[in-house]
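Structural overview for review
This is what each chain is made of:
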Amino acid sequence: NLKESGGGLVQAGDSLRLSCVHSGSTLTTDALGWFRQAPGKEREFVGALSWNGRSTLYADSVQGRCTVSKDNSKTTVYLNCNSLKSEDTAVYYCAASLSGSIYQLRRVVDGWGSGIQVTVSS
């Protein structure tokens, strides 16, 4: 029920917005967020937004550069990142937690998108 879009090739220092359409019935109650997996590395947490949009949580590596937001009317969650670095190159995955908690999402994901490639060229 999650489908990402907006990835591709960008230059270091550029900005990028990823979108994820949530087609399930739990958009307004799920915690939503993003993970990424770089080549040869484990999947890692990037950021999350609580079910009511009032709380966020970010990995140290993207803190201050990335923002997770959602538009309930468009049933879409976004990841906006600026000042991109080569180390941001990865497959990015949209994720959802039925718990509604950003802390639970970081540990247990109930639903995944199929992933989308982001490549940052230096």
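Structure shown above.
Since this is a predicted model, take the numbers as computed values, not measurements.

Let's shift gears to the packing of aromatic side chains. Taken as a whole, this structure holds 3 aromatic pairs when the rule is applied. With centroids separated by 5.5 Å and ring planes inclined at 80°, the aromatic side chains of Phe35 and Phe45 adopt a geometry described as edge-to-face. Residue Phe35 is found in strand β4 (residues 31-37), and its partner Phe45 is found in strand β5 (residues 44-49); the two are separated by 10 residues along the sequence. Taking the centre distance of 5.0 Å and the plane angle of 70° together, the rings of Phe35 and Trp112 count as edge-to-face. Note that Phe35 is positioned in strand β4 and Trp112 in strand β10 (residues 111-112), a separation of 77 residues in sequence.

Of note, Thr75 is a non-glycine position whose phi angle comes to about 45°, a positive value. Assignment of secondary structure puts Thr75 in the loop between β7 (66-71) and β8 (76-81). A positive phi angle, close to 50°, is found at Ser83, a residue other than glycine. By the element assignment, Ser83 lies in the loop between β8 and β9 (90-97).

Turning our eyes to something else, we now look at the state of the cysteines. Evaluated as defined, the whole model comprises 2 disulfides. Disulfide pairing places Cys66 opposite Cys81 at an S-S distance of 2.0 Å. Because the torsion about its S-S bond is 115°, the bridge between Cys66 and Cys81 counts as right-handed. Of the two residues, Cys66 sits in strand β7 while Cys81 sits in strand β8, which places them 15 residues apart along the sequence. No difference in accessibility class separates Cys66 from Cys81, as the two residues are buried. When the bonded cysteines of the protein chain are counted from the start of the sequence, the pairing works out to 1-4, 2-3.

Attention now moves to the pattern of salt bridges. A full pass over the atoms with the stated rule returns 3 salt bridges. Note that Glu44 is salt-bridged to Arg36, the shortest N-O span being 2.6 Å. For Glu44, a relative accessible area of 35% puts it in the partly exposed group. Taking the relative accessible area as the measure of exposure, Arg36 reaches 5% and is therefore buried. Residue Arg36 is joined to Asp88 by a salt bridge in which the shortest nitrogen-to-oxygen separation is 2.9 Å.

Each strand in a sheet pairs with its neighbour through backbone hydrogen bonds, running either in the same direction (parallel) or in the opposite one (antiparallel). If you walk across this open sheet you meet the 4 strands as β1-β3-β8-β7, and the pairing is antiparallel. On the outer flanks of this sheet lie β1 (2-5) and β7, each paired with one strand and no other. Across this sheet, the average inter-strand angle for adjacent strands is 20°, counted without regard to direction. In this sheet, β8 lies alongside strand β3 (residues 16-22) in antiparallel orientation, the contact comprising 6 bridges. Counted as the bridge partner of Leu16 is Cys81 from β8.

Parameters and conventions
- Residues numbered from 1 in each chain as written.
- Predicted model: local features only at pLDDT ≥ 70, side-chain atom pairs only at ≥ 80, totals over all residues.
- Heavy atoms only, no water.
- Phe/Tyr/Trp six-rings, centres within 6.5 Å; stacked < 30°, edge-to-face > 60°.
- Helix = DSSP H or I, 4+ residues; strand = E, 2+ residues; numbered from the N terminus.
- Disulfide = S-S within 2.5 Å.
- Buried < 20%, exposed > 50% of the residue type's maximum accessible area, 1.4 Å probe, protein only.
- Salt bridge = Lys/Arg side-chain N within 4 Å of Asp/Glu carboxyl O.
- Pairing = 2+ DSSP bridges.
- Axes fitted to C-alpha atoms, helices over the stretch in contact; angles between N-to-C directions.

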